[in-house]
Each structure stands twice: as structure tokens, then as C-alpha cells.
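Structural overview
Below, each chain spelled out in residue letters.
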Amino acid sequence: MPRGLAAGALIGPNRPDPYARCTTEYVLAGLARTRLRAKPGHAFRYSNLGAGLLGLALAHRAGTGYGDLVAREVCAPLGLADTCVRENEEQAGRLARGHTPGGRPVPYWDLAALPGMGGLRSTAADLVVLLRAQLAAGHAPDGPLAAAVALTRETRHRVNPFAWAHLGWLGHRLHSQQGGHLQIWHNGGTGGFASFVAFDPDKQVGVVVLANTRRPVDAAGTTLLRRLQNGLGA
């Protein structure tokens, strides 16, 4: 979490965007007061703030906004027509409304200067295209963004004997009694929404699960992926 933003700010049935005040100035001022808990490169700890700072730094280095940078470097090469930070009028008319687990509508989150940690809006169709790029990386080295996709997997930090972290992905191999299958995945959640994307490059299968409630969908996505890995179909 950004310095000065309590974890409790994320809790509440109709909680407005808790990151609304996270301007660039606010984030950088908090960063100056942040203390690392380990020497860089020696330990892994998942960090929303880390992802947001990376997006902020990349956009600053490119001299553009984060949304424009992703559109140019990722969406255009892959043909992702519905992935953006700021939707146009037509896309806004198709934007799903988020809900609490009990079904009450909640406001959208904007994430201010930190869209890199969860500000992209997308569709299942676009995420399937992204998955196909991941699955094709080892078989079509000349495909769109193949070198970048390969780099995300080459970088690997061991978390424990069965799990590791890639760039932007988490990975683990199931126990042998569960088939020993490889799973590379990432989940997400903002106000009123939950998501889960996972794939197995060995078996060439993947899943996308999106929900417009905060109820986690990891279990459903993992179950579906295991069925596909075992050749049982969806």
C-alpha cells in the first residue's frame, strides 16, 4: 500500500476509490518515507505499490501517460481493441457495474497516478488474445511481442520449493498427486470486481475468469484450468 494509506481504506460496501488521493506528488512523498524490509533481489513480497510505481516510472520515462504507453506498446501490437485506462464513449456504454459480494452496486475506482497496479479495463476476448500470446511465445518467436513475453518468463524468483514469481506473473507446479501440472497465473480485485487469468504453457491451455463482484474467482478458474490440463474440457 502507498505510505499513509491504511489497508482498512479498502473495506466497506460502498467504499469510494481509496486511491483517489494518490497523485504523483502524494505517492512520491510517501515513497521517500518508505523503508525496505529486505535487500533488493533477496526476497519476494507481492506489492500493489510496486506495480503502480513501475507503471508511473515507465510512463515518466516514455514522456506519456500510462494508458497511452500500454496502448502503444502492448495493445496495438497484439490487437487488443478493448483494453484501456480511459474508455471511450462507446466502451463506457458496455462497462460492467461492480458490486459487493451481496450484490450492491459500488463506485468505480480510478487509481489516480497508479493505474499500473490495477487501472486497466478489458474484456474476456482481449485477455484471451493476451493468453494466446503467452502460449505462443515458445513456438512462434517471431510473433507479436514474443521477445517481451519470453523475458517475463526468463526472470524468475523462487518464493518457496513449489512456487516462484515471474515479471507480472506468479507460478507454481502442483503436487504429483494433482497431476504435477504447471500453472502461471495472476488474480486481481478492485472495487466491485474480481479477475483471474492462468495458463499452462506445457499443455497449451489457459483460462480467463472475470466477475463484477468482489467475490474471488480464483478457485473457479483453477478448477477449470485443471480440467483442461487433464483433457476433460470446460
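Everything numeric here is computed off the predicted structure, so don't read it as measured data.

The rules behind each value
Residues numbered from 1 in each chain as written. Predicted model: local features only at pLDDT ≥ 70, side-chain atom pairs only at ≥ 80, totals over all residues. Heavy atoms only, no water. Axes fitted to C-alpha atoms, helices over the stretch in contact; angles between N-to-C directions. Helix = DSSP H or I, 4+ residues; strand = E, 2+ residues; numbered from the N terminus. Parallel < 35°, antiparallel > 145°, perpendicular 65-115°, else oblique. Left-handed = near helix turned anticlockwise from the far one by under 90°. Contact = heavy atoms within 4.5 Å. Nonpolar A, V, L, I, M, F, W, Y, C, P; charged D, E, K, R; others polar. Pairing = 2+ DSSP bridges.

Packing of helix H1 (residues 24-31) against helix H2 (residues 48-62) brings their axes to within 12 Å, and their N-to-C directions diverge by 120 degrees. The orientation of H1 with respect to H2, classified from their angle, is oblique. Along this stretch, H1 crosses H2, giving a crossing that reads as left-handed. Along the contact surface, H1 presents Thr24, Val27, Leu28 and Leu31, while H2 presents Leu49, Leu53 and Leu56. Of the residues belonging to the contact of H1 with H2, the class tally is 6 nonpolar, 1 polar and no charged.

Before going further, it helps to examine the pairing of strand E4 (residues 182-190). Two faces make up the sheet, and in a regular strand the side chains alternate between them. Bridge count for strand E3 (residues 170-173) against E4 is 4 bridges, and the pairing is antiparallel. Bridge pairing in E4 places histidine 172 opposite glutamine 183. Relative to strand E5 (residues 193-200), E4 runs antiparallel, the two sharing 7 bridges. Pairing of histidine 186 across the sheet is with valine 197, part of E5.

Read from one edge to the other, the open sheet built from 6 strands follows the order E1-E2-E3-E4-E5-E6, with strand pairing classed as antiparallel. Two strands bound the open sheet, and with one partner strand each, they are strand E1 (157-160) and strand E6 (205-211). For this sheet, the mean inter-axis angle between neighbouring strands, taken without regard to orientation, is 20 degrees. Bridging between E5 and E6 involves 7 bridges; their strand directions are antiparallel.

This part is about the packing of H2 against helix H3 (residues 66-78). Taken N-terminus to C-terminus, the directions of H2 and H3 make an angle of 80 degrees; their axes are 9 Å apart at the nearest point. In this view, H2 runs roughly perpendicular relative to H3, as classed from their interaxial angle. Where H2 approaches H3, its residues Gly55, Leu58, Ala59 and Ala62 are matched on the opposing element by Tyr66, Leu69 and Arg72. In terms of residue class, the contact of H2 with H3 is built from 5 nonpolar, 1 polar and 1 charged.

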